[in-house]
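Now for the letters of each chain:
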Amino acid sequence: MIPTEAAAPATGVPAVHRDLAQARATVARVAAQTAGLLAGLPGPPQRTAEQHAAAAAANDAARTLRCAFLDTHGDAVYDELTDGRSRSLRLPELAEAAATAFPGLVPTTAALEEERSRPQAAKEGHEIDQGIFFSRVLSSPLAGPHLLDAMLRPTPRALGLLPEFTRTGRLDLGSVRLERSDGVARLTMCRDDCLNAEDNRQIEDMETAVDLALLDPAVEVGLLRGGEMNHPRYRGRRVFSAGINLKSLHGGGISLVDFLLRRELGYIHKLQRGIVLDEGAAWRSRTREKPWVAVVDSFAIGGGAQLLLVFDRVLAASDAYFSLPAAKEGIIPGASNFRLTRAAGSRLSRQVILDGRRVWATEPEARLLVDEVHEPERLDEAAERSVDRLRGPAVLANRRMLNLAEESPDEFRRYMAEFALQQALRLYSEDVINKVGRFSAGKQVQQQ
């Protein structure tokens, strides 16, 4: 039985256009009504068509209210959470602060943890409300740049590990190994159990490794490569990346904030822009950057191919290929829709993203994605030559100016504002849930 009094909660949209205190109370009231309705229904997989419609109507009404609230008071909300933009809060910290200060605006940590224990098909989709929140924050010319800066700061984990890394020149972070030699930070992705398919754990380790490479004054250049695999099909061979871990996605282990947004705004953005540090004279740049080389063995699928678009130099084995099958999987391939057109043009970008075309390293079109192609046995020495070419004293200044010309921070911010919402909606769409479910029922993670 559907509780009729809660089936269509009053949104109170006019109320949120008034003062902040009244608007805050209205958001909390409608969110409580919506939560009461959902609590009275079976879990999503067990709901009837009528119950699904009632839940969707209640969620739509509450989300309409949240959007109106943030459109009216978004900057005031962000200023309250960050003490007038004097505190730098990363994505999860900002979401948690918002859940406490503005009940009903975003899901609480407890609600997210409970939902995280469920497979994707059994979730209510609370992360959509996070997507709405971050979409509005990032779209603001005041709050958005401040959040981008906060995400470019080194993580506490990296700062804690920095003394050990500067002393020893090596760290094993679990899914990434980091070694410094001859002024080069060599990052090796080593998830040999899943062909370097990314999940929350690997995002954490990659950001830590990138931070350490940028923080260490003895590092001049960064080099990223995949390690040797023990997968039966690729045993003993290096693999760059199989993209998102679909098994983790189906199991509910891929999160919007800790994976999909953190990945783009965290370590990938740091590869391009560097890290923000409060040091030195105020008139100098606050970022510390370094050039990066990527070496692709076997394949760069999905997220692996996305990564290459921010590297200064990309090398590939002659038998390697690149693909972005996110549309086939039902999701958005990060910032690739934004960056690939710049690198490869509109036609090839649509073929790769919309049609799922693979681009082999030996194809003529691969020159738009890769700087050099070598036989696998020659990649090591080619990588060392590329690293040496990026050590020049004027490389960093020119690299910075190239990045600014190709992609302004404001353009990236506006793209990510829309991405935050659209990717959240995609995560909970019926086609994605069905696809990852069929995938996981069939076999281990393998995206080629």
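Residues numbered from 1 in each chain as written. Predicted model: local features only at pLDDT ≥ 70, side-chain atom pairs only at ≥ 80, totals over all residues. Heavy atoms only, no water.

Chemist: What should I look at first to understand the environment of Gln306 in this one?
Modeler: Positionally, Gln306 belongs in helix α12 (residues 303–308). Distance from Gln306 to Phe322, taken between C-alpha atoms, is 9.5 Å for residues 16 residues apart in sequence. Once you skip the residues sitting within four places of it in the chain, Gln306 turns out to touch Arg263, Glu264, Leu324, Pro333, Gly334 and Ser336. One polar contact links Gln306 to Arg263, side chain to side chain, over a distance of 2.8 Å. There is a polar contact of 3.5 Å between the side chain of Gln306 and the backbone oxygen of Pro333. (Helix = DSSP H or I, 4+ residues; strand = E, 2+ residues; numbered from the N terminus. Contact = heavy atoms within 4.5 Å. Polar contact = N/O pair within 3.5 Å; in protein donor to acceptor, adjacent residues only side chain to side chain.)

Chemist: It is not clear to me how helix α3 (residues 49–81) should be interpreted in this structure. Could you clarify?
Modeler: Between its terminal C-alpha atoms α3 stretches only 39 Å, short of the 48 Å expected from 33 residues at 1.5 Å a residue. A bend of about 80 degrees at His73 is the largest found in α3. (Expected span 1.5 Å × (residues − 1). Bend = angle between axes of the 7 residues up to and from the residue.)

Chemist: Looking at this model, I keep getting lost on the sheet that holds strand β10 (residues 321–323). Mind explaining?
Modeler: Hydrogen bonding along the main chain pairs the strands of a sheet, whether they run parallel or antiparallel. Read across the open sheet, the three strands follow the order β8-β10-β11; overall the sheet is mixed. The open sheet has two edge strands with one neighbour each: β8 (299–301) and β11 (359–360). In this sheet, β11 lies alongside β10 in antiparallel orientation, the contact comprising two bridges. Within the sheet, the bridge partner assigned to Phe322 lies in β11 and is Val359. (Pairing = 2+ DSSP bridges.)

Chemist: Looking at this structure, how should I read the pattern of salt bridges?
Modeler: Any two side chains of opposite charge can pair if their charged atoms end up close together. In total, this model carries 44 salt bridges according to the counting rule given. Between Glu372 and Arg313 there is a salt bridge; the shortest N-O distance is 2.9 Å. Placement of the pair is Glu372 in strand β12 (residues 372–374) and Arg313 in strand β9 (residues 313–317), with a sequence separation of 59 residues. On the accessibility criterion, Glu372 (12% relative accessible area) is buried. Residues joined by salt bridges that share partners form a network here, namely Arg90, Arg157, Glu204, Asp205, Glu207, Asp211, Arg262 and Lys270. (Salt bridge = Lys/Arg side-chain N within 4 Å of Asp/Glu carboxyl O. Buried < 20%, exposed > 50% of the residue type's maximum accessible area, 1.4 Å probe, protein only.)

Chemist: Hey, could you run me through the packing of aromatic side chains in this one?
Modeler: Describing an aromatic ring pair means giving the distance of the ring centres and the angle of the ring planes. Tallied over the entire structure, the rule returns eight aromatic pairs. Taking the centre distance of 5.1 Å and the plane angle of 70 degrees together, the rings of Phe133 and Phe134 count as edge-to-face. Just as Phe133 is buried, Phe134 falls in that class too. Centre to centre, the rings of Phe299 and Tyr321 are 5.7 Å apart; their planes meet at 35 degrees, and the pair counts as tilted. (Phe/Tyr/Trp six-rings, centres within 6.5 Å; stacked < 30°, edge-to-face > 60°.)

Chemist: Can you walk me through the pairing of β9 in this structure?
Modeler: Look at any regular strand and the pattern is simple: side chains alternate between the two faces of the sheet. The buried fraction of β9 is high, at four of five residues. As defined by bridge partners, strand β7 (residues 292–296) adjoins β9 across four bridges and the pair is classed as parallel. Within β9, the position partnered with Val293 by the bridge is Arg313. In this structure, β9 lies alongside β12, joined through three bridges in parallel fashion. Its bridge partner being in β12, Ala316 is matched across the sheet by Val373.

Chemist: Any chance you could explain the nonpolar core here in plain terms?
Modeler: Soluble globular proteins: nonpolar side chains tend toward being buried together. Of all hydrophobic cores here, the largest spans 120 residues; its most connected members are Phe133, Phe134 and Leu187. Leu187 has contacts with Val176, Arg177, Leu178, Ala209, Val210, Ala213, Leu223, Leu224, Arg225 and Trp292, leaving out every residue within four places of it along the chain. Counting residues in each nonpolar core, the second largest holds ten residues, with Cys194, Met229, Val239 and Tyr321 among its members. (Core = buried A, V, L, I, M, F, W, Y, C linked by side-chain atoms within 4.5 Å.)

Chemist: I'm lost on the sheet that holds strand β4 (residues 221–226) in this one. Help?
Modeler: Taken in spatial order, the seven strands make up an open sheet running β1-β2-β3-β4-β7-β9-β12, and their pairing is mixed. Two strands bound the open sheet, and with one partner strand each, they are β1 (170–172) and β12. Within this sheet the neighbouring strands show an average axis-to-axis angle of 15 degrees, counted without direction. Pairing between strand β3 (residues 184–189) and β4: six bridges, direction parallel. Looking at β4, one finds that Thr188 is bridged to Arg225. (Axes fitted to C-alpha atoms, helices over the stretch in contact; angles between N-to-C directions.)

Chemist: What am I meant to see in the packing of helix α2 (residues 20–39) against α3 here?
Modeler: For any two helices packed against each other, one specifies the inter-axial angle together with the distance between the axes. Packing of α2 against α3 brings their axes to within 10 Å, and their N-to-C directions diverge by 155 degrees. It follows from the interaxial angle that α2 and α3 lie roughly antiparallel. For α2 against α3, the interelement crossing comes out left-handed. Judged by residue contacts, Leu20, Ala23, Arg24, Thr26, Val27, Val30, Ala31, Thr34, Leu37 and Leu38 of α2 engage Ala54, Ala55, Ala58, Asn59, Ala62, Leu65, Arg66, Phe69, His73, Ala76 and Glu80 from α3. By residue class, the composition of the contact of α2 with α3 is 14 nonpolar, four polar and three charged. (Parallel < 35°, antiparallel > 145°, perpendicular 65-115°, else oblique. Left-handed = near helix turned anticlockwise from the far one by under 90°. Nonpolar A, V, L, I, M, F, W, Y, C, P; charged D, E, K, R; others polar.)

Chemist: Help me understand the pairing of β7 in this model?
Modeler: Buried residues dominate β7, accounting for five of its five residues. Of the two faces of β7, the one holding Trp292, Ala294 and Val296 and the one holding Val293 and Val295 are both buried throughout. Note: β4 against β7, four bridges, orientation parallel. When the sheet's bridge partners are listed, Leu223 is paired in β7 with Val293.

Chemist: Mind showing me how you'd approach the confidence of the model for the chain here?
Modeler: Caution applies to low-pLDDT parts of the model: their predicted coordinates are not meant to be read in detail. In this model, the chain carries an average pLDDT of 92, and 94% of its residues clear a pLDDT of 70 or more. Overall, residues 1–8 carries pLDDT values under 50, and its contacts beyond four positions in sequence, including any with other chains, amount to 14 contacts. (pLDDT = per-residue confidence, 0-100.)

Chemist: Help me understand the side chain of Gln202, please; the structure alone is not making it clear to me.
Modeler: Relative to the helices and strands, Gln202 is located in helix α9 (residues 200–215). Excluding anything up to four places from it in sequence, Gln202 contacts Ser175, Met189, Arg191, Asn196 and Ala197.

Chemist: I'm lost on the packing of helix α14 (residues 336–344) against helix α15 (residues 346–353) in this one. Help?
Modeler: Packing of α14 against α15 leaves a shortest axis separation of 7 Å and a crossing angle of 135 degrees. The angle between α14 and α15 places the two elements in the oblique class. Remark: the crossing between α14 and α15 carries right-handed chirality. Contact residues: α14 offers Ser336, Asn337, Leu340, Thr341 and Ala344, while α15 offers Ser346, Leu348, Ser349, Val352 and Ile353. Along the lines of polarity and charge, the residues of the contact of α14 with α15 split into five nonpolar, five polar and no charged.

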